Amino acid sequence: MGDFNIFHQMPWSGSYAIYFFVIGISAALFFFSTLSWYQAEFKPIRASAFYLSFLLLGLGGLLLIGDLTQPGRFLNILNPAYLNFASPLAWGGLNLISFGLVSVAYFFMLRSNNEPTGRLLGVIGSLLAVGLPIYTGFDLTVHQNRPVWNSPLMPVLFVALSLVSGAAVASFLAGKNEQLQVMLRRFMLWSAGGVGAMLISLLGTTAYGGVGAEQTFMFLTSGALGGIFIGLGILLGTAAPIALLVTPFGHRQTGILSAAVLILVGGMALRYAILIGGQIVQTYF
Amino acid sequence: MSELRLSSIETRGVPGKKRYAMVIDLRRCIGCDACMVACKAEYDVPLGVWRTWVPYRVVGTYPNVRKQFLPRLCNHCDDPPCVRSCPVGATYKVEDGGFVLQHYDRCIGCKACMASCPYNARFLLPKNRTSTDITGVVDKCTFCHHRVVQGMAPACVQTCIGRARIFGDLNDPSSEVARLVATLPTQVLRPEEGTKPNVFYIGADRNLTEHGRAVYNPPEVLERDRQAFDNHKA
Ligand code: SF4
Ligand code: SF4
């Protein structure tokens with residue numbers, strides 16, 4: 001009572017979480033399209049996965065630019081006189097643009113169906129694609145003052161989240177193709193397992209962290225974000241789909257698709273909770 | 001007394017270079033908020049945002065209670081994470097003086113600098129302002145760069161009736177700030193973040209400098225204030 005403080009705003013609002021979500025799925029779908037040149041099972045979704053990836057990339061780009069308060073100055077990020085390579089955002093901007101360019105080239109290659117070029121562009125594009133969740137993770141990691149974000153796990157966690165959400169979307173594109181569903185089920189299972197393992201260590205280090213981290217842990221587990229992080233993100237969106245996928249029902253198409261829906265809900269919830277969770281405590285400082 | 005310099009951007013102890021710093025003597029601060037007003041007037045700082053602000057906490061048990069004040073502003077850190085994280089170099093450290101300033105025409109409004117500042121020193125300027133055309137970019141305290149280079153004290157320092165704010169060049173051993181920092185126990189905010197702040201406090205209490213547990217369970221009145229503040233800003 002009787003305390004006075006200026007209530008500070010969270011710099012990064014929830015819409016960044018949508019960007020993380022969309023861009024992660026876009027990256028994974030490009031990877032699955034590339035995989036089709038090496039694994040016959042993925043061939044049926046070569047085109048559809050790519051087109052959806054391209055669409056989501058465009059959407060992600062718009063979201064990102066729309067979040068700037070000076071969207072018209074977006075191109076400043078390409079100005080060599082301005083670029084600051086100490087900032088992961090600068091790398092991210094370049095990564096995003098080069099991924100976009102490779103995607104355009106891949107689009108024309110798909111239409112001409114040139115296999116050697118397809119493989120080459122696919123590999124280059126996939127390397128750039130994996131850069132997207134890595135840079136979004138780094139974007140959070142580098143803020144040494146932010147509990148939860150400032151963990152070396154972030155880039156790896158975002159790669160795993162990208163794979164699991166992408167595989168969930170791809171399972172809808174796969175339709176009744178059983179062989180492909182088997183592969184995607186494996187992708188979902190293993191990357192969801194990875195996400196689960198990382199979340200456990202993240203919770204551990206946050207709970208035993210310094211005072212800001214300890215309070216963030218309380219927010220994430222029982223406070224404002226408890227329902228989203230623990231309920232939707234961990235239980236419904238990670239543990240439940242893993243449990244579902246290992247049952248006999250989870251080997252069937254309906255089971256895989258149900259797990260995919262849960263995974264997508266969880267993927268969004270986890271990104272949101274991590275993004276907001278890292279910012280709550282400091283708004284009171 | 002020599003201090004360890006860890007990064008090339010730091011201005012501490014660099015021969016021939018100034019390193020401006022502020023000492024805030026909390027024993028002298030009476031919480032009149034004149035500094036907040038002077039700053040608002042100097043820069044036409046819009047409603048709802050502050051370059052400097054003076055939070056307080058009431059401590060003690062009735063009838064022995066008192067208010068503790070902690071004037072806040074950008075620390076013009078010697079190793080500023082905001083400069084590191086800006087993708088377009090819109091925020092930068094002035095080599096002579098150590099001011100951390102903004103290129104307003106370059107800022108894209110990504111708010112990475114706000115996310116990286118441990119002190120909430122940065123804020124977004126609204127899209128519309130009445131008499132200033134710098135809008136929709138990030139802003140913060142400049143240590144009154146324009147005044148200091150003309151030999152004047154920052155507006156908050158000049159106006160402080162308790163003379164609680166003292167400003168000067170820490171690299172100059174004969175300056176008042178250098179003497180205070182060298183002879184009295186001083187504190188900086190969140191030293192564990194490695195930012196090496198250039199705002200030093202005398203008599204800062206950990207009630208004010210630490211994240212209190214009240215953060216987790218803020219009294220309802222605080223939440224109501226917060227709502228009112230947010231509505232007002234929108
Ligand atoms: S207090 Fe914040 S805004 Fe000021 S220099 Fe340090 S990190 Fe940057
Ligand atoms: S908001 Fe402006 S000053 Fe801050 S990091 Fe982004 S471009 Fe740089």
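Residues numbered from 1 in each chain as written. Chains lettered and ligands numbered in written order. Predicted model: local features only at pLDDT ≥ 70, side-chain atom pairs only at ≥ 80, totals over all residues. Heavy atoms only, no water.

**Student:** Tell me what's going on with the overall build of chain B, and back it up with residues and numbers.
**Tutor:** Counting its secondary structure elements, chain B contains eight helices and nine strands. Taking contacts inside chain B between residues at least 6 apart in sequence as the whole, the part at least 24 apart equals 59%. With an accessible surface of roughly 10,900 Å², chain B has 52% of that area assigned to carbon and sulfur atoms. (Helix = DSSP H or I, 4+ residues; strand = E, 2+ residues; numbered from the N terminus. Contact = heavy atoms within 4.5 Å. Areas by Shrake-Rupley, 256 points an atom, 1.4 Å probe, with all protein chains shown as cover.)

**Student:** Residues and numbers for a nonpolar patch on the surface, please.
**Tutor:** Residue and element names in this part refer to chain A. A cluster of nonpolar side chains, Phe 172, Leu 232, Leu 236, Val 261 and Val 265, forms an exposed patch at the surface whose accessible area comes to about 370 Å². Those elements giving two or more residues to the nonpolar patch turn out to be helix H8 (226-246) and helix H9 (253-280). Tracing the backbone through its elements, the reader meets Val 265 in helix H9. In this structure Val 265 comes out as partly exposed when scored by relative accessible area, which is 35%. (Patch = residues over 30% accessible without salt bridge, like charges linked within 9 Å, V, L, I, M, F, W, Y side chains within 5 Å. Salt bridge = Lys/Arg side-chain N within 4 Å of Asp/Glu carboxyl O. Buried < 20%, exposed > 50% of the residue type's maximum accessible area, 1.4 Å probe, protein only.)

**Student:** Can you break down the interface of chain B and chain A residue by residue, with the values?
**Tutor:** In this assembly, 56 residues from chain B lie in contact with 45 residues from chain A. For the pair chain B and chain A, the interface holds zero salt bridges. Put simply, chain B and chain A have 26 residue pairs in polar contact (both at pLDDT 80 or more) between them. Secondary-structure elements contributing two or more residues to the side of chain B that touches chain A are strand E2 (56-61), helix H2 (81-85), helix H3 (112-116) and helix H8 (220-233) of chain B. Among the elements that line the side of chain B that touches chain A, the one with the most residues is H8(B), at eight residues. Broken down by class, the residue content of the side of chain B that touches chain A amounts to 30 nonpolar, 11 polar and 15 charged. (Polar contact = N/O pair within 3.5 Å; in protein donor to acceptor, adjacent residues only side chain to side chain. Nonpolar A, V, L, I, M, F, W, Y, C, P; charged D, E, K, R; others polar.)

**Student:** Before we move on, could you go through the packing of helix H1 (residues 15-35) of chain A against helix H2 (residues 46-67) of chain A and cite the residues and values that matter?
**Tutor:** All names here are of chain A. Viewed as axis vectors pointing N to C, H1 and H2 meet at an angle of 155°, and their least axial separation amounts to 8 Å. Between H1 and H2, the angle is such that the two are roughly antiparallel. Considering the relative orientation of H1 and H2, their crossing is left-handed. Taking contact as the criterion, the partners of Ser 15, Tyr 16, Ile 18, Tyr 19, Val 22, Ile 23, Ile 25, Ser 26, Leu 29, Phe 30 and Ser 33 in H1 are, on H2, Arg 46, Ala 49, Phe 50, Leu 52, Ser 53, Leu 56, Leu 57, Leu 59, Gly 60, Leu 63, Leu 64 and Asp 67. Looking at the contact of H1 with H2 residue by residue, the classes come out as 16 nonpolar, five polar and two charged. (Axes fitted to C-alpha atoms, helices over the stretch in contact; angles between N-to-C directions. Parallel < 35°, antiparallel > 145°, perpendicular 65-115°, else oblique. Left-handed = near helix turned anticlockwise from the far one by under 90°.)

**Student:** With reference to specific residues and values, describe unusual backbone geometry.
**Tutor:** Residues and elements named next belong to chain B. With omega at 5°, the peptide bond leading from Tyr 62 into Pro 63 counts as cis. Within the secondary structure, Pro 63 sits in the loop between E2 and strand E3 (64-69). Its identity as a non-glycine residue notwithstanding, Asp 44 has a phi of 55°, on the positive side. Looking at the secondary structure, you find Asp 44 in the loop between helix H1 (34-43) and E2. Asp 44 sits in the partly exposed class, given a relative accessible area of 28%. Its identity is not glycine, yet Phe 143 carries a phi of approximately 60°, on the positive side.

**Student:** Can you lay out the environment of A:Met154 for me, pointing to particular residues and giving the numbers?
**Tutor:** All names here are of chain A. Relative to the helices and strands, Met 154 resides in helix H5 (residues 153-173). Met 154 sits in the buried class, given a relative accessible area of 0%. Residues Met 154 and Ile 274, 120 residues apart in the sequence, show an inter-C-alpha distance of 9.6 Å. If sequence neighbours within four positions are ignored, Met 154 has contacts with Gly 137, Leu 140, Thr 141, Val 148, Trp 149, Leu 202 and Ile 274.

**Student:** Talk me through the packing of helix H6 (residues 178-207) of chain A against H8(A); I want residue IDs and the actual numbers.
**Tutor:** Residue and element names in this part refer to chain A. It is the contact of H6 with H8, at a shortest axis distance of 9 Å, that shows an interaxial angle of 140°. Comparing the axis directions of H6 and H8 gives the class oblique. For the element pair H6 and H8, the recorded crossing hand is left-handed. Where H6 approaches H8, its residues Arg 185, Met 188, Leu 189, Ala 192, Gly 193, Val 195, Gly 196, Leu 199 and Leu 203 are matched on the opposing element by Phe 229, Ile 230, Ile 234, Thr 238, Ile 242, Leu 245 and Val 246. Of the residues in the contact of H6 with H8, the class split is 12 nonpolar, three polar and one charged.

**Student:** Before we move on, could you go through the site of ligand 2 and cite the residues and values that matter?
**Tutor:** Around ligand 2, the surrounding shell holds 13 residues, and the nearest of these are B:Cys86, B:Cys107, B:Cys110, B:Lys111 and B:Cys113. Of the residues in the shell around ligand 2, the class split is 10 nonpolar, two polar and one charged. (Near = heavy atom within 4 Å.)

**Student:** Tell me about the side chain of B:Arg165, residues and numbers included.
**Tutor:** Its place among the elements puts B:Arg165 in strand E8 (residues 165-169). Polar side-chain contacts of B:Arg165 include one of 2.8 Å to the side chain of B:Thr52.

**Student:** If you had to explain the sheet that holds E8(B) to someone new, which residues and values would you point to?
**Tutor:** Adjacent strands of a sheet form backbone hydrogen bonds with each other and so pair up, either parallel or antiparallel. All names here are of chain B. Strand order in the open sheet made by the three strands is E8-E1-E9, with mixed pairing throughout. Looking along the sheet, the strands with just one partner apiece sit at the ends: E8 and strand E9 (199-202). Geometrically, the sheet is characterised by an average inter-axis angle of 20° between neighbouring strands, direction not taken into account. Across four bridges, the pairing between strand E1 (residues 20-25) and E9 is parallel. (Pairing = 2+ DSSP bridges.)

**Student:** For the site of ligand 1, give the residues involved together with the corresponding values.
**Tutor:** The local shell around ligand 1 consists of B:Cys74, B:Asn75, B:His76, B:Cys77, B:Pro80, B:Pro81, B:Cys82, B:Val100, B:Cys117, B:Tyr119, B:Arg122 and B:Lys140. Of the residues that constitute the shell around ligand 1, the class distribution is eight nonpolar, two polar and two charged.

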